[in-house]
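One-letter residues, chain by chain:
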Amino acid sequence: MKLIDIHSYARRLQLVRLGIAKGNSISRHNAELMEEAAVKNAKSWYVSPAQTYLTRLQFKSQKQEMRLINIAKGKKKDYSAINILRKALRFHKNKVAVLWSGGRCSTVTLHMAKCLEPNIKVIFVDTGVEFPETVRYVKMLAKEWKLNFSVLRPRRTFWELVKEHGPPTARKPSDQRSGEPDTPPCCYWLKKEPIRSYIKQTGIEALITGMRAGESTVRAISLNQKGSPFFYSKTEGVWKYHPLAYWTTKRVCEYALKHDIPMNPLYLKTDRIGCWPCTSFFGWKEKLSKNVPKFYTALMYFFGKFHVSPCVEGKSMNHLEFERAQDGRAVARILTNAGMEIEVHERGKIVCVPYE
Ligand code: SF4
(Lines give C-alpha, C1' and ligand atoms only; values in the text may rest on other atoms or scores of the structure.)
Protein backbone atom coordinates (compact mmCIF):
# COMPACT_ATOMS: atom_id res chain seq x y z
CA MET A 1 0.00 0.00 0.00
CA LYS A 2 1.25 3.51 -0.80
CA LEU A 3 2.40 5.36 2.29
CA ILE A 4 0.73 8.67 2.98
CA ASP A 5 2.71 11.67 4.14
CA ILE A 6 0.21 13.11 6.55
CA HIS A 7 1.81 16.56 6.72
CA SER A 8 1.87 17.18 3.00
CA TYR A 9 -1.69 15.87 2.87
CA ALA A 10 -2.72 18.26 5.60
CA ARG A 11 -1.10 21.17 3.76
CA ARG A 12 -2.76 20.16 0.54
CA LEU A 13 -6.06 20.00 2.33
CA GLN A 14 -5.58 23.49 3.65
CA LEU A 15 -4.86 24.79 0.16
CA VAL A 16 -7.83 23.15 -1.45
CA ARG A 17 -10.33 23.55 1.33
CA LEU A 18 -12.69 25.68 -0.72
CA GLY A 19 -12.72 22.98 -3.35
CA ILE A 20 -13.45 20.41 -0.68
CA ALA A 21 -16.32 22.51 0.59
CA LYS A 22 -17.89 22.16 -2.83
CA GLY A 23 -17.27 18.43 -2.78
CA ASN A 24 -15.11 18.39 -5.90
CA SER A 25 -11.66 17.65 -4.61
CA ILE A 26 -10.06 14.78 -2.65
CA SER A 27 -12.07 11.59 -2.87
CA ARG A 28 -13.74 10.02 0.12
CA HIS A 29 -11.52 6.97 -0.28
CA ASN A 30 -8.40 9.11 0.05
CA ALA A 31 -9.92 10.92 2.99
CA GLU A 32 -10.50 7.60 4.72
CA LEU A 33 -6.93 6.49 4.05
CA MET A 34 -5.76 9.79 5.44
CA GLU A 35 -7.85 9.37 8.54
CA GLU A 36 -6.47 5.86 9.08
CA ALA A 37 -2.89 7.06 8.71
CA ALA A 38 -3.57 9.97 11.04
CA VAL A 39 -4.84 7.63 13.77
CA LYS A 40 -1.64 5.60 13.50
CA ASN A 41 0.46 8.75 13.64
CA ALA A 42 -1.45 10.46 16.44
CA LYS A 43 1.25 10.28 19.07
CA SER A 44 1.03 13.96 19.84
CA TRP A 45 -1.41 15.55 22.33
CA TYR A 46 -3.07 17.37 19.43
CA VAL A 47 -3.73 17.01 15.73
CA SER A 48 -3.88 19.76 13.14
CA PRO A 49 -7.34 21.01 12.15
CA ALA A 50 -6.65 19.81 8.61
CA GLN A 51 -6.30 16.25 9.89
CA THR A 52 -9.76 16.37 11.41
CA TYR A 53 -11.31 18.51 8.69
CA LEU A 54 -12.33 15.92 6.19
CA THR A 55 -13.82 12.99 8.01
CA ARG A 56 -17.09 11.33 7.16
CA LEU A 57 -18.33 12.33 10.61
CA GLN A 58 -18.29 16.05 10.03
CA PHE A 59 -20.36 16.94 7.05
CA LYS A 60 -23.01 14.24 7.03
CA SER A 61 -25.79 16.40 8.43
CA GLN A 62 -25.40 19.85 6.88
CA LYS A 63 -29.05 19.90 5.79
CA GLN A 64 -30.29 18.75 9.16
CA GLU A 65 -28.05 21.30 10.90
CA MET A 66 -29.42 24.15 8.79
CA ARG A 67 -32.95 23.06 9.61
CA LEU A 68 -32.17 23.09 13.33
CA ILE A 69 -30.46 26.49 13.06
CA ASN A 70 -33.54 27.91 11.35
CA ILE A 71 -35.71 26.51 14.13
CA ALA A 72 -33.49 28.15 16.75
CA LYS A 73 -33.36 31.50 14.96
CA GLY A 74 -37.01 31.75 13.98
CA LYS A 75 -37.56 35.29 12.76
CA LYS A 76 -35.20 36.78 15.27
CA LYS A 77 -32.15 38.93 14.71
CA ASP A 78 -28.91 37.25 13.68
CA TYR A 79 -25.95 38.10 15.92
CA SER A 80 -22.35 37.61 14.91
CA ALA A 81 -20.22 35.49 17.23
CA ILE A 82 -17.79 38.33 17.85
CA ASN A 83 -20.59 40.75 18.80
CA ILE A 84 -21.99 38.25 21.29
CA LEU A 85 -18.56 37.92 22.89
CA ARG A 86 -18.08 41.69 22.97
CA LYS A 87 -21.45 42.07 24.68
CA ALA A 88 -20.47 39.53 27.35
CA LEU A 89 -17.15 41.27 28.02
CA ARG A 90 -18.69 44.74 28.03
CA PHE A 91 -21.53 43.90 30.43
CA HIS A 92 -19.76 41.56 32.83
CA LYS A 93 -16.15 42.86 32.63
CA ASN A 94 -13.91 40.28 34.36
CA LYS A 95 -16.85 38.33 35.83
CA VAL A 96 -17.12 36.12 32.78
CA ALA A 97 -15.65 32.67 32.10
CA VAL A 98 -15.41 30.38 29.09
CA LEU A 99 -16.73 26.88 29.69
CA TRP A 100 -14.35 24.65 27.75
CA SER A 101 -14.96 20.96 27.08
CA GLY A 102 -12.00 20.24 24.78
CA GLY A 103 -14.40 19.80 21.85
CA ARG A 104 -13.98 21.69 18.61
CA CYS A 105 -16.82 24.19 19.18
CA SER A 106 -15.77 25.28 22.66
CA THR A 107 -12.12 25.44 21.51
CA VAL A 108 -13.06 27.75 18.63
CA THR A 109 -15.16 29.87 21.05
CA LEU A 110 -12.21 30.00 23.45
CA HIS A 111 -9.86 31.10 20.66
CA MET A 112 -12.18 34.00 19.75
CA ALA A 113 -12.66 35.00 23.40
CA LYS A 114 -8.94 34.98 24.20
CA CYS A 115 -8.26 37.14 21.12
CA LEU A 116 -10.56 39.77 22.64
CA GLU A 117 -9.49 39.27 26.26
CA PRO A 118 -6.25 37.26 26.68
CA ASN A 119 -6.70 36.91 30.45
CA ILE A 120 -10.28 35.65 30.33
CA LYS A 121 -11.09 32.93 32.88
CA VAL A 122 -11.35 29.44 31.37
CA ILE A 123 -12.89 26.46 33.16
CA PHE A 124 -12.86 22.77 32.34
CA VAL A 125 -15.04 20.33 34.30
CA ASP A 126 -13.18 17.06 34.73
CA THR A 127 -16.07 14.68 35.42
CA GLY A 128 -13.65 11.85 36.18
CA VAL A 129 -14.90 9.96 33.14
CA GLU A 130 -13.37 12.13 30.42
CA PHE A 131 -11.39 10.44 27.66
CA PRO A 132 -7.67 10.51 28.63
CA GLU A 133 -6.90 12.22 25.30
CA THR A 134 -9.19 15.12 26.24
CA VAL A 135 -7.67 15.66 29.68
CA ARG A 136 -4.17 15.69 28.19
CA TYR A 137 -5.23 17.96 25.34
CA VAL A 138 -6.85 20.65 27.53
CA LYS A 139 -3.93 20.72 29.95
CA MET A 140 -1.33 21.01 27.19
CA LEU A 141 -3.24 23.61 25.19
CA ALA A 142 -3.89 25.64 28.35
CA LYS A 143 -0.12 25.73 28.85
CA GLU A 144 0.61 26.54 25.22
CA TRP A 145 -1.94 29.35 25.06
CA LYS A 146 -1.02 30.56 28.60
CA LEU A 147 -4.63 30.46 29.69
CA ASN A 148 -6.09 31.67 32.97
CA PHE A 149 -7.25 28.11 33.45
CA SER A 150 -9.05 26.19 36.25
CA VAL A 151 -10.08 22.54 36.39
CA LEU A 152 -13.27 21.87 38.37
CA ARG A 153 -13.83 18.45 39.93
CA PRO A 154 -17.10 16.99 41.23
CA ARG A 155 -17.61 15.77 44.78
CA ARG A 156 -19.20 12.50 43.62
CA THR A 157 -18.14 9.91 41.04
CA PHE A 158 -19.94 8.66 37.93
CA TRP A 159 -19.92 5.08 39.26
CA GLU A 160 -21.42 6.06 42.62
CA LEU A 161 -24.24 7.80 40.75
CA VAL A 162 -24.84 4.81 38.48
CA LYS A 163 -25.19 2.62 41.55
CA GLU A 164 -27.72 5.03 43.02
CA HIS A 165 -29.73 6.09 39.96
CA GLY A 166 -28.82 3.64 37.21
CA PRO A 167 -27.05 4.61 33.96
CA PRO A 168 -27.95 8.11 32.67
CA THR A 169 -30.89 8.13 30.28
CA ALA A 170 -31.62 10.42 27.33
CA ARG A 171 -32.89 13.86 28.29
CA LYS A 172 -36.34 15.05 27.42
CA PRO A 173 -37.46 18.63 26.92
CA SER A 174 -40.09 18.21 29.63
CA ASP A 175 -40.42 21.87 30.46
CA GLN A 176 -40.63 23.52 27.09
CA ARG A 177 -42.06 26.69 28.54
CA SER A 178 -38.85 27.59 30.33
CA GLY A 179 -36.77 25.87 27.68
CA GLU A 180 -34.64 24.14 30.36
CA PRO A 181 -34.11 20.46 29.59
CA ASP A 182 -34.23 18.00 32.48
CA THR A 183 -30.86 17.37 34.06
CA PRO A 184 -30.15 13.74 34.93
CA PRO A 185 -28.64 13.33 38.43
CA CYS A 186 -25.37 12.30 36.80
CA CYS A 187 -25.06 15.58 34.87
CA TYR A 188 -26.18 17.55 37.89
CA TRP A 189 -23.52 16.12 40.22
CA LEU A 190 -20.67 15.81 37.73
CA LYS A 191 -21.13 19.05 35.80
CA LYS A 192 -23.72 21.50 37.13
CA GLU A 193 -22.87 21.33 40.81
CA PRO A 194 -19.11 22.00 40.39
CA ILE A 195 -19.95 24.94 38.10
CA ARG A 196 -22.47 26.28 40.62
CA SER A 197 -19.91 26.12 43.43
CA TYR A 198 -17.35 27.87 41.22
CA ILE A 199 -19.83 30.64 40.37
CA LYS A 200 -20.62 31.09 44.06
CA GLN A 201 -16.98 31.25 45.08
CA THR A 202 -15.79 33.55 42.30
CA GLY A 203 -18.84 35.76 41.75
CA ILE A 204 -18.90 34.92 38.04
CA GLU A 205 -21.92 36.49 36.31
CA ALA A 206 -21.68 34.98 32.82
CA LEU A 207 -20.58 31.80 31.10
CA ILE A 208 -19.55 31.60 27.46
CA THR A 209 -20.07 28.20 25.85
CA GLY A 210 -19.62 26.54 22.45
CA MET A 211 -23.22 25.30 22.28
CA ARG A 212 -24.76 25.18 18.80
CA ALA A 213 -28.36 24.76 17.68
CA GLY A 214 -27.27 22.35 14.94
CA GLU A 215 -26.16 19.78 17.51
CA SER A 216 -29.59 18.54 18.54
CA THR A 217 -33.32 19.19 18.31
CA VAL A 218 -33.54 19.83 22.05
CA ARG A 219 -30.88 22.56 21.79
CA ALA A 220 -32.56 24.15 18.76
CA ILE A 221 -35.94 24.29 20.51
CA SER A 222 -34.40 25.57 23.72
CA LEU A 223 -32.62 28.39 21.84
CA ASN A 224 -35.82 29.22 19.95
CA GLN A 225 -37.67 29.65 23.21
CA LYS A 226 -34.94 31.74 24.78
CA GLY A 227 -35.31 34.10 21.82
CA SER A 228 -31.60 34.93 21.54
CA PRO A 229 -28.16 33.29 21.79
CA PHE A 230 -27.57 35.06 25.15
CA PHE A 231 -29.95 35.06 28.09
CA TYR A 232 -30.19 34.85 31.86
CA SER A 233 -30.68 31.30 33.14
CA LYS A 234 -32.89 31.47 36.23
CA THR A 235 -32.18 27.90 37.25
CA GLU A 236 -28.42 28.40 37.16
CA GLY A 237 -28.38 32.03 38.31
CA VAL A 238 -25.96 33.05 35.57
CA TRP A 239 -25.95 34.69 32.13
CA LYS A 240 -25.25 32.32 29.24
CA TYR A 241 -23.65 33.41 25.96
CA HIS A 242 -23.52 31.03 23.00
CA PRO A 243 -21.54 32.82 20.23
CA LEU A 244 -21.63 29.82 17.87
CA ALA A 245 -25.36 29.16 18.35
CA TYR A 246 -26.12 29.58 14.63
CA TRP A 247 -22.91 28.13 13.21
CA THR A 248 -22.69 24.84 11.30
CA THR A 249 -19.99 22.21 11.97
CA LYS A 250 -18.44 23.10 8.64
CA ARG A 251 -18.10 26.75 9.59
CA VAL A 252 -16.49 25.80 12.91
CA CYS A 253 -14.01 23.53 11.10
CA GLU A 254 -13.17 26.26 8.61
CA TYR A 255 -12.47 28.74 11.40
CA ALA A 256 -10.17 26.18 13.09
CA LEU A 257 -8.41 25.60 9.80
CA LYS A 258 -7.98 29.31 9.08
CA HIS A 259 -6.42 29.95 12.50
CA ASP A 260 -4.58 26.62 12.63
CA ILE A 261 -6.07 25.72 16.01
CA PRO A 262 -4.68 22.49 17.53
CA MET A 263 -7.50 19.95 17.72
CA ASN A 264 -8.29 17.19 20.19
CA PRO A 265 -6.77 13.97 18.72
CA LEU A 266 -9.92 12.13 19.77
CA TYR A 267 -11.62 13.53 16.64
CA LEU A 268 -9.70 11.00 14.62
CA LYS A 269 -11.64 8.25 16.41
CA THR A 270 -15.02 9.70 17.30
CA ASP A 271 -17.20 12.78 16.83
CA ARG A 272 -18.25 12.82 20.49
CA ILE A 273 -15.80 14.22 23.00
CA GLY A 274 -17.85 14.17 26.26
CA CYS A 275 -17.79 11.61 29.11
CA TRP A 276 -16.89 8.24 27.63
CA PRO A 277 -19.44 6.07 29.53
CA CYS A 278 -22.34 8.44 28.82
CA THR A 279 -25.56 6.65 27.92
CA SER A 280 -27.71 9.78 27.88
CA PHE A 281 -27.77 10.29 24.11
CA PHE A 282 -29.47 8.25 21.44
CA GLY A 283 -27.28 5.83 19.56
CA TRP A 284 -24.55 5.81 22.27
CA LYS A 285 -24.17 2.07 22.03
CA GLU A 286 -23.52 2.00 18.30
CA LYS A 287 -21.20 5.00 18.39
CA LEU A 288 -19.08 3.86 21.32
CA SER A 289 -18.76 0.25 20.13
CA LYS A 290 -17.76 1.36 16.64
CA ASN A 291 -15.48 4.28 17.44
CA VAL A 292 -13.90 3.39 20.79
CA PRO A 293 -14.42 -0.40 21.23
CA LYS A 294 -12.04 -0.62 24.21
CA PHE A 295 -14.21 1.72 26.25
CA TYR A 296 -17.39 0.05 25.06
CA THR A 297 -16.18 -3.35 26.29
CA ALA A 298 -15.29 -1.86 29.66
CA LEU A 299 -18.70 -0.23 29.95
CA MET A 300 -20.64 -3.33 28.99
CA TYR A 301 -18.64 -5.30 31.52
CA PHE A 302 -19.79 -2.84 34.17
CA PHE A 303 -23.42 -2.52 33.12
CA GLY A 304 -24.16 -6.07 32.02
CA LYS A 305 -27.00 -6.12 29.50
CA PHE A 306 -28.25 -2.62 29.21
CA HIS A 307 -29.94 -1.00 26.25
CA VAL A 308 -31.40 2.41 25.50
CA SER A 309 -33.97 2.27 22.73
CA PRO A 310 -34.24 5.45 20.64
CA CYS A 311 -37.85 4.80 19.70
CA VAL A 312 -40.35 2.32 21.12
CA GLU A 313 -40.95 0.92 17.64
CA GLY A 314 -37.24 0.67 16.92
CA LYS A 315 -37.19 3.32 14.15
CA SER A 316 -34.25 5.66 13.58
CA MET A 317 -35.90 8.39 15.57
CA ASN A 318 -35.39 10.39 18.73
CA HIS A 319 -38.19 9.89 21.14
CA LEU A 320 -39.17 13.18 22.82
CA GLU A 321 -41.52 12.77 25.76
CA PHE A 322 -43.49 15.73 27.14
CA GLU A 323 -45.30 16.08 30.43
CA ARG A 324 -47.93 18.32 28.87
CA ALA A 325 -49.40 17.29 25.53
CA GLN A 326 -49.82 20.94 24.50
CA ASP A 327 -46.04 21.50 24.79
CA GLY A 328 -45.47 18.50 22.55
CA ARG A 329 -47.97 19.82 20.02
CA ALA A 330 -46.29 23.26 20.03
CA VAL A 331 -42.92 21.66 19.37
CA ALA A 332 -44.44 19.44 16.66
CA ARG A 333 -45.77 22.57 14.91
CA ILE A 334 -42.33 24.22 14.92
CA LEU A 335 -40.70 21.09 13.51
CA THR A 336 -43.37 20.53 10.83
CA ASN A 337 -43.09 24.16 9.70
CA ALA A 338 -39.37 23.61 9.38
CA GLY A 339 -40.07 20.76 6.95
CA MET A 340 -39.13 17.93 9.30
CA GLU A 341 -41.01 14.64 9.01
CA ILE A 342 -42.12 13.77 12.50
CA GLU A 343 -44.61 11.51 14.26
CA VAL A 344 -46.90 12.62 17.06
CA HIS A 345 -48.22 10.08 19.54
CA GLU A 346 -50.52 10.23 22.55
CA ARG A 347 -52.01 13.55 21.34
CA GLY A 348 -48.66 15.31 21.63
CA LYS A 349 -47.09 13.70 24.70
CA ILE A 350 -44.63 11.89 22.47
CA VAL A 351 -43.00 13.43 19.41
CA CYS A 352 -40.63 11.30 17.35
CA VAL A 353 -38.06 13.13 15.24
CA PRO A 354 -35.65 11.43 12.83
CA TYR A 355 -31.96 11.54 13.65
CA GLU A 356 -29.37 11.64 10.90
S1 SF4 B 1 -22.73 13.87 29.88
FE2 SF4 B 1 -23.56 11.84 30.50
S3 SF4 B 1 -21.98 10.83 31.75
FE4 SF4 B 1 -21.42 13.00 31.55
S5 SF4 B 1 -22.25 13.94 33.37
FE6 SF4 B 1 -23.84 14.16 31.81
S7 SF4 B 1 -25.17 12.35 31.98
FE8 SF4 B 1 -23.26 11.95 33.15
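In this text the structure is predicted, and so the values were computed from the model without any measurement.

A. Molecular detail of the nonpolar core. Core analysis: the largest hydrophobic core is formed by 36 residues, its most contacted members being Trp-100, Val-108, Met-112, Ile-208, Leu-244 and Trp-247. Every element with two or more residues in this core is listed here: helix 6 (81-92), strand 1 (96-99), helix 7 (104-116), strand 2 (121-125), helix 8 (132-144), strand 4 (206-208) and helix 12 (249-258). Beyond its immediate chain neighbours, meaning those up to four positions away, Ile-208 contacts Leu-85, Ala-88, Val-96, Ala-97, Val-98, Leu-99, Thr-109, Ile-120, Tyr-241 and Pro-243. Membership of the second largest hydrophobic core comes to 21 residues, among which are Phe-158, Leu-161, Leu-266 and Cys-278.

B. A look at the confidence of the model for the protein. Averaged over every residue, the pLDDT of the protein is 78; residues scoring 70 or more account for 71%. For the stretch residues 173-181, pLDDT sits under 50, and the model shows 25 contacts to residues farther than four places along the chain or on other chains.

C. Inspection of the pairing of strand 1 at higher detail. One ladder, built from three bridges, connects strand 1 with strand 4; its direction is parallel. Paired with Val-96 across the bridge in strand 4 is Ala-206. Pairing between strand 1 and strand 2: three bridges, direction parallel. Of the residues in strand 2, the one forming a bridge with Leu-99 is Ile-123.

D. Quick peek at the site of the ligand. Near the ligand the following residues occur: Phe-158, Pro-168, Cys-186, Cys-187, Leu-190, Lys-191, Cys-275, Cys-278 and Ser-280. A per-element tally of the shell around the ligand places helix 10 (residues 185-202) first, with four residues. Grouping the amino acids of the shell around the ligand by side-chain chemistry returns seven nonpolar, one polar and one charged.

E. The arrangement of the packing of helix 5 (residues 62-73) against helix 11 (residues 217-226) in detail. Where helix 5 contacts helix 11, the two axes come as close as 7 Å, and the packing angle between them is 25 degrees. On the basis of their axis angle, the class for helix 5 and helix 11 is roughly parallel. Between helix 5 and helix 11 lies a crossing whose hand is right-handed. For the pair formed by helix 5 and helix 11, the contact residues are Leu-68, Ile-71 and Ala-72 on the first element and Thr-217, Ala-220, Leu-223 and Asn-224 on the second. A per-class count over the contact of helix 5 with helix 11 returns five nonpolar, two polar and no charged.

F. Focus on the packing of aromatic side chains. In this structure the tally under the stated criterion is 12 aromatic pairs. Summarising the aromatic geometry, the rings of Trp-45 and Tyr-137 are spaced 6.2 Å apart at their centres and angled 45 degrees between planes, so their arrangement reads as tilted. In this pair, Trp-45 is assigned in the loop between helix 3 (28-41) and helix 4 (49-53) and Tyr-137 in helix 8, connecting sequence segments 92 residues apart. Taken individually, Trp-45 and Tyr-137 each receive the classification buried, so the pair is uniform in this respect. For the ring pair Trp-239 and Tyr-241, a centre distance of 6.3 Å and an interplane angle of 35 degrees mean the geometry is tilted. Judged by relative accessible area, Trp-239 falls into the partly exposed class, the value being 33%. Judged by its relative accessible area of 2%, Tyr-241 falls in the buried class. A connected cluster of aromatic rings, assembled from ring pairs, spans Trp-45, Tyr-46, Trp-100, Tyr-137 and Phe-149. Directly above the ring of Phe-91 sits Arg-90, whose terminal nitrogen or CZ lies 5.8 Å from the centroid.

G. Expanded view of unusual backbone geometry. We note that Lys-93 has phi near 50 degrees; this positive angle belongs to a residue other than glycine. For Lys-93, the position within the fold is in the loop between helix 6 and strand 1.

H. Highlighting the pairing of strand 3 (residues 148-152). Across five bridges, strand 2 lies against strand 3 in parallel orientation. Residue pairing across strands places Phe-124 opposite Val-151, the latter belonging to strand 3. A crossover connection joins strand 2 to the parallel strand 3 through helix 8; in handedness this β-α-β unit is right-handed.

Reading the values: the criteria
- The numbers attached to residues start from 1 for each chain and follow its sequence in the written order.
- Only residues with pLDDT of at least 70 get local features here, since the model is predicted, and only at 80 or more are side-chain atom pairs given and counted; chain-wide, interface and lining totals rely on the full set of residues.
- No hydrogens and no water enter the side-chain calculation; it runs on all heavy atoms of the structure.
- The term nonpolar core refers to a set of buried residues drawn from Ala, Val, Leu, Ile, Met, Phe, Trp, Tyr and Cys, joined through side-chain atoms within 4.5 Å.
- Only protein chains enter the calculation, and the probe is 1.4 Å; a residue is then buried if its accessible area is under 20% of its type maximum, exposed if over 50%, and partly exposed in between.
- A run of DSSP states H or I qualifies as a helix once it reaches four residues; a run of E qualifies as a strand once it reaches two. Both are numbered from the N-terminal end.
- By the convention used here, residues are in contact when the closest approach between their heavy atoms is within 4.5 Å.
- A score from 0 to 100, pLDDT tells how confident the predictor is in each residue.
- The pairing criterion for strands is at least two bridges between them, as found by DSSP.
- It suffices for a single heavy atom of a residue to lie within 4 Å of a molecule or strand for the residue to be listed as near it.
- For this classification, the nonpolar set comprises Ala, Val, Leu, Ile, Met, Phe, Trp, Tyr, Cys and Pro, the charged set comprises Asp, Glu, Lys and Arg, and every other residue, Gly included, is treated as polar.
- Helix axes use the C-alpha atoms of the stretch in contact, all axes being lines fitted to C-alpha atoms, and the angles between their N-to-C directions lie in the range 0 to 180 degrees.
- These descriptions rest on fixed angle ranges, namely under 35 degrees for roughly parallel, over 145 for roughly antiparallel, 65 to 115 for roughly perpendicular, and the rest for oblique.
- Crossings are sorted by hand: turned counterclockwise from the far helix by less than a right angle, the near helix makes the crossing left-handed, and turned clockwise it makes it right-handed.
- Pairing of aromatic side chains requires ring centres within 6.5 Å, counting the rings of Phe and Tyr and the six-membered ring of Trp. Pairs whose planes differ by under 30 degrees are stacked, by over 60 edge-to-face, and all others tilted.
- Look at NZ for Lys and CZ for Arg. If either is within 6 Å of the ring centre and within 35 degrees of the ring normal, a charge sits over the ring.
- We call a crossover right-handed when, viewed with both strands directed away from the observer, the connection leading from the first strand over the helix to the second proceeds clockwise.

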